[in-house]
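# Descriptive structure summary
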Amino acid sequence: KQEVTQIPAALSVPEGENLVLNCSFTDSAIYNLQWFRQDPGKGLTSLLLIQSSQREQTSGRLNASLDKSSGRSTLYIAASQPGDSATYLCAVSDMEYGNKLVFGAGTILRVKS
Amino acid sequence: SAVISQKPSRDICQRGTSLTIQCQVDSQVTMMFWYRQQPGQSLTLIATANQGSEATYESGFVIDKFPISRPNLTFSTLTVSNMSPEDSSIYLCSVEGGRGIEAFFGQGTRLTVV
């Protein structure tokens, strides 16, 4: 059964710092990995989607990498801003699980001004 | 991308009552998904809703408690029945995802049962 783990569970950094969020998964048989952002009490906003054949994706200050063989992904946020404060979730589309996503528990990020 | 409208955005309900959550998508989609997010937890899939067929429920979730309708390719509803305080959660609908397709989510329904 696929399990997704995110480290750290919480992170507090000063504004302007570059930071890395980690995501690991136990079964490398995935279709894709997706990073989401969730503001308190709200829904999920898709940030980046990495297909299983890709190594990384970039969008603005965000860069996500994928090492499928080792079961790892990282989300790199450059020059962090207070508006980046949110919970970041990663999810994998597991081949055995069909169209469904398996989520990690998330990393709560606070960027202090 | 898909735009998903979910309502209500929040509600406070009395125990023993039922609440129906609506999810409207701006394009036709084959599969829609309903998730629950309990306080401080990550997302747990409740069921998958395909148009024209009964929803498929995940382990631990039953149709009597969470009946789902999917009358067409752009709309679905989830009902939380006979609510108790343990049902207090954020409920989210999602479309597609999996097999290389990006998943999109509604803004969620924050349910509090008192």
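Quick note: structure is the one above.
The present account deals with the structure reproduced in this document. (Residues numbered from 1 in each chain as written. Chains lettered and ligands numbered in written order. Predicted model: local features only at pLDDT ≥ 70, side-chain atom pairs only at ≥ 80, totals over all residues. Heavy atoms only, no water.)

Here we take up unusual backbone geometry. Across the junction of A:Ile7 and A:Pro8, the peptide omega takes the value 0°, indicating a cis bond. If you trace the backbone, A:Pro8 turns up in the loop between strand 1 (4-7) and strand 2 (10-14). Looking along the chain, the bond that leaves B:Lys7 and enters B:Pro8 is cis, with omega of 5°. Relative to the helices and strands, B:Pro8 is located in the loop between strand 1 (4-7) and strand 2 (10-13). A positive phi angle is found at B:Asn82, which is not glycine, with a value near 45°. By the element assignment, B:Asn82 lies in the loop between strand 8 (75-80) and strand 9 (89-98). (Helix = DSSP H or I, 4+ residues; strand = E, 2+ residues; numbered from the N terminus.)

What follows concerns the sheet that holds strand 3 (residues 19-25) of chain A. Residue and element names in this part refer to chain A. A sheet is described by the order of its strands in space; here five strands give the open sequence 1-3-8-7-6, paired in antiparallel fashion. The open sheet has two edge strands, strand 1 and strand 6 (56-59), and neither has a second partner. Sheet twist, expressed as the average angle between the axes of neighbouring strands with direction ignored, equals 15°. (Pairing = 2+ DSSP bridges. Axes fitted to C-alpha atoms, helices over the stretch in contact; angles between N-to-C directions.)

Turning our eyes to something else, we now look at the pattern of salt bridges. The tally for this structure, following the rule as stated, stands at four salt bridges over all chains. Its salt-bridge partner being A:Asp84, residue A:Arg61 comes within 2.8 Å of it at the nearest N-O pair. One end of the pair, A:Arg61, is in the loop between strand 6 and strand 7 (62-67); the other, A:Asp84, is in the loop between strand 8 (72-77) and strand 9 (86-94), with 23 residues separating them in the sequence. Residue A:Arg61 is classed as partly exposed on the basis of its relative accessible area, which comes to 29%. Where A:Lys100 meets B:Glu58, a salt bridge forms, and the shortest distance between an N and an O atom there is 3.0 Å. A residue pair is termed interchain when its members come from two chains, as with A:Lys100 in the loop between strand 9 and strand 10 (101-103) and B:Glu58 in the loop between strand 6 (56-57) and strand 7 (68-72). Residue classification places A:Lys100 among the buried positions, given a relative accessible area of 18%. (Salt bridge = Lys/Arg side-chain N within 4 Å of Asp/Glu carboxyl O. Buried < 20%, exposed > 50% of the residue type's maximum accessible area, 1.4 Å probe, protein only.)

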